[in-house]
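What follows is the residue order along each chain.
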Amino acid sequence: MLKIYKNLKGYIPHICVILVLIFAQVLTDLYLPTLMSDIVNTGIMKEDVNYILHMGGLMIGVAGIGIVCAVVAVMIGSRVAIGLGGILRSKIFRHVEKFSLHEFDKFGSSTLITRTTNDIIQIQTVTILIINMMLRAPLTAIGGIILAYREDKSLTIIFAIALPVLIAVIAIIMSRAMPLFKQVQKKLDKINLVLRENLTGIRVIRAFNRIGHENARFDEANQDLTRTYITVNRIMAFLMPVLMLALNVMQLSIIWFGSVRVDAGSMNIGALAAFIQYAALILINFIMLAMMFIFIPRAQAASERISEVLETAPEILDPAEPKHADGEQGYVEFRNVCFSYQGAERPALSGVSFSAKPGETTAIIGGTGSGKSTLVNLIPRFYDVDEGQVLVDGVDVREQSQKELRAKIGFVPQKAILFTGTITANLRYGKKDATDEEITHASEIAQASGFVGEMREGYDTVLAEGGLNLSGGQKQRLSIARALVRRPEIYVFDDSFSALDFKTDARLRAALKKETGDATVLIVAQRVGTVMGADRIIVLDDGKVAGIGTHEEMMKTCEVYREIVSSQLSEEELA
Ligand SMILES: Nc1ncnc2c1ncn2[C@@H]1O[C@H](COP(=O)(O)OP(=O)(O)OP(=O)(O)O)[C@@H](O)[C@H]1O
């Protein structure tokens, strides 16, 4: 947790003010019983009404100062805690932005979201408590003991007996509750996971009639959490009564032994009244400290999870001195590339070599899982190769700045991802200053202008989260248009025509050919029809290149390609 609190550097002045305020409030809390003792001894015993009124007024004033200090301290404390939450959220967001896909794969997106939201809220809540209680509780308890000792030394023995017993009871209760609190955190994570999977997979769940199964899965996680919560609360239920019992026993003992001492003339009534108040103050602050320790383990778990994200170094970093590719534009070359995903048994790609030049279309075809997407993901350096080299414009991608490299590429991912906002905003995503003409032109080529024109708001139509209000094919076409607006040197279409019907696919490719005249085009496809016209077809089989050449050459020389062609023809013929 200390690591997390290093982020509070900018709030040091605030924290200093809070500490001063809390110190002042503790002084007022501790001063009040002394004033009351004076009222009893001097005012009431001597029936001096003026003294009572004077001291009563002073008490109200002191209490007022205490209240103001407490309120202002809580207000500033909350600001600091919420500020810390803001800092952490932005740090995680910025750090995660630098992650390579390997780190995303390692964490998974759902836990990254929980860590950025839920975990930070936990820390915020505990920070408010810590700021307000960490100093106040021990200071008041210690100050109370000292002042009580000053009022009457022998009566302080009651504290010496009661407090260790009390600490032992709190320690026993907490030692049982703490591990359960940690479990609660983990079980909350489980519920979040089930819930997220349910929300994102709702269509699949309904289509497969698995609502009952999912309900059972949720109920199991829910009941598990509820059971742990109940056990924790059962244990915690002892805390308050035990503390209240201790408070009452302590006060009873103080009154009993105190009155004996008053009777014997060794103590005055004022001191006894003050003593009772100090006892209450000490105990209440012990309770507060105990409460704080309930929340700390939760925040501890949350801060460990946050630190884990922040301490994960992104695998893909820019070189110290990035090289610029001068002269050559649009050259992509793979030299004996091998690549494996973390923890995978077999390499996703091995010994892949080919080169693509400007003005040429290179198509990549192969069965599912043969490594097509993996191959194109290496061009914008989403992952680093294990062996060999990927060169863009003659320079190894690892030696270029990621920004410069990616600026050269118009990437259309396999899953069309659009953002909440208008269609225009989505199409300008890769080129902020694109003109309206550029946008309509790109949409025409991507065969998107037709359906956009039919929408009531046209290009100003607001897309729902992830483009939910569009069909799969419409999303793909907008995603293609977004890449076209950029007019990059290299186009990468990762199975981007799969959701289009044959006619639209053909029209789009014909328009694309004219548009991408001088650029380098890489197309990943499943359909032979999409790749047939390419200058070069790379046939992948189980991560290895099974053949490279034109359609005609491949038909003659590549068995795997012939199999793909014949399987598709027969499928279409059968249909
Ligand atoms: N993020 C990942 N982590 C681990 N393994 C992965 C990951 N992505 C892909 N793989 C594995 O790498 C291999 C190649 O996957 P890839 O996505 O490149 O295939 P593909 O040819 O594009 O398949 P498809 O046509 O189904 O999209 C597969 O065996 C797959 O299971």
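Just so it is clear, the structure is predicted and the values come from calculations on it, not from any experiment.

Draft legend 1. Representation of the overall build of the protein. Along its length, the protein carries 20 helices and 12 strands. By the compact-globule yardstick of 25 Å for 575 residues, the protein is too spread out, its C-alpha radius of gyration being 36 Å. For the protein, the proportion of its 575 residues judged to be buried stands at 33%.

Draft legend 2. How the structure looks around the site of the ligand. Neighbouring residues of the ligand: 13 residues in total, closest Tyr 341, Thr 368, Lys 372, Ser 373 and Thr 374. The greatest single-element share of the shell around the ligand, amounting to three residues, is contributed by helix H11 (residues 372–377). Across the shell around the ligand, the residue classes tally to three nonpolar, eight polar and two charged.

Draft legend 3. Representation of the UniProt feature "domain: ABC transmembrane type-1" (unreviewed entry) in the protein. Mapped onto this numbering, the UniProt entry gives "domain: ABC transmembrane type-1" (unreviewed entry) at residues 17–298. The span residues 17–298 is 91% helical and 0% strand by assignment, and the distance between its end C-alpha atoms comes to 27 Å.

Draft legend 4. Structural context of the confidence of the model for the protein. For the protein, per-residue confidence averages 88 on the pLDDT scale, and residues scoring 70 or more make up 99% of the total. Here the prediction assigns the complex a pTM of 0.73, and the interface score ipTM is 0.94.

Draft legend 5. Examining the pairing of strand E9 (residues 490–494) more closely. Burial analysis of E9 places five of its five residues in the buried class, which makes it a mostly covered element. The alternating pattern of E9 places Ile 490, Val 492 and Asp 494 on one face and Tyr 491 and Phe 493 on the opposite face, and all of these are buried. With five bridges connecting them, E9 and strand E10 (residues 520–525) associate as parallel partners. From the neighbouring strand, Ile 490 faces E10, where its bridge partner is Thr 520. With helix H17 (residues 502–515) bridging E9 and the parallel E10, this β-α-β connection has right-handed handedness.

Draft legend 6. Structural context of the nonpolar core. Of all hydrophobic cores here, the largest spans 71 residues; its most connected members are Ala 481, Val 492, Leu 522, Ile 523 and Val 539. At six residues, helix H16 (residues 472–485) tops the list of elements feeding residues into this core. Discounting chain neighbours no more than four positions away, the residues touching Val 492 are Val 376, Ile 379, Ile 409, Phe 411, Val 412 and Leu 522.

Draft legend 7. Summary view of the sheet that holds strand E12 (residues 544–549). Strand order in the open sheet formed by six strands is E6-E9-E10-E3-E11-E12, and the pairing between neighbours is mixed. Whereas interior strands pair on both sides, the edge strands pair on one side only; in this sheet they are strand E6 (409–412) and E12. Mean inter-strand twist for the sheet, computed between neighbouring axes without regard to direction, equals 15°. Both strand E3 (residues 361–366) and strand E11 (residues 536–541) contribute to a ladder of five bridges, which runs parallel. Of the residues in E11, the one forming a bridge with Ile 365 is Val 539. Where H16 meets the sheet, its contacts fall on E6 and E9, and the angle it forms with E6 comes to roughly 175°.

Draft legend 8. Layout of the environment of Lys 432. Tracing the sequence through the fold places Lys 432 in the loop between helix H13 (423–427) and helix H14 (436–445). Residues Lys 432 and Val 485, spaced 53 residues apart in sequence, show a C-alpha to C-alpha distance of 9.9 Å.

Draft legend 9. Highlighting the packing of helix H3 (residues 49–97) against helix H5 (residues 109–133). In contact at an axis separation of 9 Å, H3 and H5 are set at 155° when each is read in the N-to-C sense. Between H3 and H5, the crossing angle belongs to the class labelled roughly antiparallel. Like other packed secondary-structure pairs, H3 and H5 cross with a definite hand, here right-handed. Looking at side-chain class alone, the contact of H3 with H5 contains 15 nonpolar, seven polar and two charged residues.

Draft legend 10. Molecular detail of the UniProt feature "transmembrane region" (unreviewed entry) in the protein. Following the UniProt record, the feature "transmembrane region" (unreviewed entry) maps to residues 12–32, 52–82, 125–149, 155–177, 235–257 and 269–296 here. For residues 12–32, the end-to-end C-alpha separation is 30 Å, with 100% helix and 0% strand making up the annotated structure. Spanning residues 235–257, this segment combines 100% helix with 0% strand, and its end C-alpha atoms are found 33 Å apart.

Draft legend 11. The arrangement of H14 in detail. Restricting attention to buried positions, one finds in H14 the residues Ile 439, Ala 442, Ser 443 and Ile 445. Taken end-on, H14 shows its buried residues confined to a sector of 160°, consistent with a single buried face. With respect to the buried face of H14, the exposed residues turned more than 90 degrees away are Asp 436 and Glu 437. Buried positions along H14 lie against H13, helix H15 (449–454), H16 and H17. Two residues or fewer after H14 comes Gln 447, characterised by a positive phi angle close to 60°.

Draft legend 12. Expanded view of the environment of Ser 154. Following the sequence through the fold, Ser 154 ends up in the loop between helix H6 (136–151) and helix H7 (157–200). By C-beta crowding, Ser 154 is classed as exposed, having 12 other C-beta atoms within 10 Å. Between the C-alpha atom of Ser 154 and that of Met 1, which follows or precedes it by 153 residues, the distance is 42 Å.

Draft legend 13. Fine view of H5. Relative to the 36 Å expected for 25 residues at 1.5 Å per residue, H5 spans 36 Å between its end C-alpha atoms, a close match to the ideal helical length. Its axis deflected by about 35° at Arg 115, H5 carries its strongest bend there. Among the residues making up H5, those that are buried are Arg 115, Asp 119, Ile 120, Gln 122, Ile 123, Gln 124, Val 126, Thr 127, Ile 131, Asn 132 and Met 133. Next to the buried residues of H5 lie helix H1 (2–5), helix H2 (12–44), H3, H6 and helix H10 (269–311).

Conventions used here
- Just so you know, the residues in each chain are numbered from 1, in the order the chain's sequence is written.
- A pLDDT threshold of at least 70 governs which residues receive local features in this predicted model, and a stricter bar of 80 or more applies before side-chain atom pairs are shown or counted, although totals over entire chains, interfaces and linings include all residues.
- Each helix is a run of DSSP H or I of at least 4 residues and each strand a run of E of at least 2, with the numbering of both proceeding from the N terminus.
- For a compact globule the rule gives 2.2 Å times the number of residues to the power 0.38, and the radius of gyration it is set against comes from C-alpha atoms.
- Field definition: a residue is buried when 20 or more other C-beta atoms are found within 10 Å of its C-beta, exposed when 12 or fewer are, and partly exposed for counts in between, with C-beta atoms placed from the backbone.
- By definition, a residue lies near a molecule or strand when the C-beta atom built from its backbone is within 6 Å of it.
- Following the grouping adopted for this structure description, the nonpolar residues are Ala, Val, Leu, Ile, Met, Phe, Trp, Tyr, Cys and Pro, the charged ones are Asp, Glu, Lys and Arg, and the polar ones are all others, Gly among them.
- UniProt positions are given in the numbering used here, feature names are shortened, and annotations may be inferred rather than shown by experiment.
- For every residue, the predictor reports its confidence as pLDDT, a number between 0 and 100.
- In this analysis, strands are considered paired if DSSP registers two or more bridges between them.
- Crossover handedness is defined by viewing with both strands directed away from the observer: a clockwise path from the first strand over the helix to the second marks the crossover as right-handed.
- Only buried residues count toward a nonpolar core: Ala, Val, Leu, Ile, Met, Phe, Trp, Tyr and Cys, linked into one set through C-beta atoms within 7 Å.
- Whether two residues are in contact is decided by their C-beta atoms, placed from the backbone, lying within 7 Å.
- The axes used here are C-alpha line fits, helices contributing only the stretch in contact, and every angle between their N-to-C directions lies in the interval 0 to 180 degrees.
- Angles are sorted into four bins: roughly parallel if under 35 degrees, roughly antiparallel if over 145, roughly perpendicular if 65 to 115, and oblique for all others.
- For any helix crossing, the convention is left-handed if the near helix is rotated counterclockwise from the far helix by under a right angle, and right-handed if that rotation is clockwise.
- The arc in question is formed by the directions pointing from the helix axis toward the C-beta atoms.
- Any helix carries an expected span of 1.5 Å times its number of residues minus one.
- Bend, at a single residue, is the angle you get between axes fitted to the 7 residues ending at that residue and the 7 residues starting at it.

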